[in-house]
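Here is what each chain is made of, one letter per residue.
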Amino acid sequence: MGVHSCSLLNRNANHRQATYVVIGEQVAPQYVGVEKGPSPKGVQTFARTELGAQISYYKAWRGRKHAHTLIRGSPEQSFHVLPSYFHMLEKLNPGTVTRIEVDGESRFKYLFLAFGVAIRGFRYMRKVVGIDGTFLKGQYRGVLLVATAQDGNGQCYPLAWGIVDSENEDAPCFAQSNGRHTSRLNPITYHVKGGELEGVVDIFNKTCTCKEFDIDKLLCVHAVAAAHHAQVSVYNLVSPYYTKEYYLLAYGETIYPVGSQSQWDVPNEVVTRIVLPREVKEKKRGRPKTSRFPSVGEFRKRKNRCGKCGAYGHYKKKCNSQTGSMEGNPPTNVPG
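Thresholds applied
Numbers given for residues are sequential positions, taken from 1 along each chain in its written order. Given that this is a predicted model, residues contribute local features only at a pLDDT of at least 70 and side-chain atom pairs are listed and counted only at 80 or more, while totals for whole chains, interfaces and linings are drawn from all residues. Excluded from the side-chain calculations are hydrogens and water; all other atoms, namely the structure's heavy atoms, are used. Strands are treated as partners if at least two bridges between them are detected by DSSP. Segments assigned H or I by DSSP are reported as helices when at least four residues long, segments assigned E as strands when at least two residues long, and all are numbered from the N terminus. Working convention: axes come from line fits to C-alpha atoms, limited for helices to the stretch in contact. Angles between N-to-C directions cover 0 to 180 degrees. Here, a salt bridge means any Lys or Arg side-chain nitrogen found within 4 Å of an Asp or Glu carboxyl oxygen. Burial here depends on accessible area, computed with a 1.4 Å probe over protein chains only, as a share of the maximum for the residue type. Under 20% is buried, over 50% is exposed, and the range in between is partly exposed. Side-chain atoms within 4.5 Å are what join buried Ala, Val, Leu, Ile, Met, Phe, Trp, Tyr and Cys residues into a set we call a nonpolar core. The contact criterion used throughout is that any non-hydrogen atoms of two residues lie within 4.5 Å.

Student: Sorry, what's going on with the sheet that holds strand β1 (residues 97–102) here?
Tutor: Each strand in a sheet pairs with its neighbour through backbone hydrogen bonds, running either in the same direction (parallel) or in the opposite one (antiparallel). Reading across from one edge, β1-β2-β5-β4-β3 is the order of the five strands in this open sheet, with antiparallel pairing throughout. A single partner strand is all that each edge strand has here, and the edge strands are β1 and β3 (130–135). Pairs of neighbouring strands in the sheet enclose a mean axial angle of 15 degrees, with direction left out of account. Inspection of the sheet shows strand β4 (residues 143–150) paired to strand β5 (residues 156–164) by eight bridges, in the antiparallel sense. Following the sheet pairing, Val146 is matched in β5 by Trp161.

Now the structure itself:
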């Protein structure tokens, strides 16, 4: 074989030496400390301007994925380190509760996490818990659940998180009692009536028949009127959940990070615990359906309705009707 004499300027357009691994290693620093980093299009631009290589979108996508793995690790590695991570959270944050459930093949099923500071802070929250969830769109899917309470400022207070395999109102303002008739039923109970508003207020138990005082733990308009009539300060009837002291106690503690993995002190039985990714179901080939099959007896309106006669099954250009415009004429041949 003779000596290769092709000019370096005449390189192969496919750039076989610029594999997705090489591209990923070169672009990886751009994903450090950022949420997303360059998109596949951005990786193509990087390869063209910085490396002088024209690469396909697919190679750019694989290079981007490889860069993510270099910086953040693979999902398989994350599942493996999960028990050690939870152990360090419990160690550095006393009172923290964690749990990981696996199936018979040691594949991940569920997890639960509640920080100790959130559990203790719940004492200073209204005793109402809301749960919401969102679908995880990664390779292994699942649903992320979060349980929250509501602090005295009307903000969400996170309590716990979980991952499974399938799935505020503002505080009311104090109102004036002008124009409302208040009558005393007994030393602690008052009947308040004014316009269309009416309620029976129990000053001692902090309740009202309108239920607003009971649920929100803030005075309703009836309670304000009753408090004025009884010459009781409205501030003494408000729940302590809305005080500055409770707010500071709820947020006064710190959640400590686990630090670098090289500095973890984890028992061997935790390190050797096997947690495998959940099994991924193979996607069906082809484009997913966006419309369902109609039920028995269900009628779906046809799109090809004639603009001249109003009948279904043909268009205006192919209409043979002599009735003229459909204005003023009822449509014919209407399905149903």
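Next comes the rest of the write-up.
Student: How should the pattern of salt bridges be read in this particular structure?
Tutor: Oppositely charged side chains are able to pair whenever their charged atoms sit close together. Scanning the model with the defined rule gives five salt bridges in all. For Glu101, the salt bridge is made with Arg99, and the minimal N-O distance between the two is 2.6 Å. The class of Glu101 is partly exposed, set by a relative accessible area of 27%. A salt bridge links Arg126 to Asp216, with the nearest nitrogen and oxygen atoms 3.7 Å apart.

Student: Where do I start with the nonpolar core in this structure?
Tutor: Buried together is how nonpolar side chains tend to be arranged in soluble globular proteins. Phe86, Phe108 and Tyr157 are the most contacted members of the largest nonpolar core, which totals 25 residues. Of all elements in the fold, only α4 (75–92), β2 (108–114), α5 (116–121) and β5 reach the threshold of two or more residues within this core. Of all the elements, α4 adds the most residues to this core, at five residues. What Tyr157 contacts, discounting residues up to four positions off in sequence, is Val117, Ala118, Gly121, Phe122, Met125, Ala147, Thr148, Ala149, Ala250 and Tyr251. In this structure, Val192, Leu218, Leu219 and Val224 belong to the second largest nonpolar core, which totals 17 residues.

The values reported here are purely geometric and, on their own, carry no functional implication.
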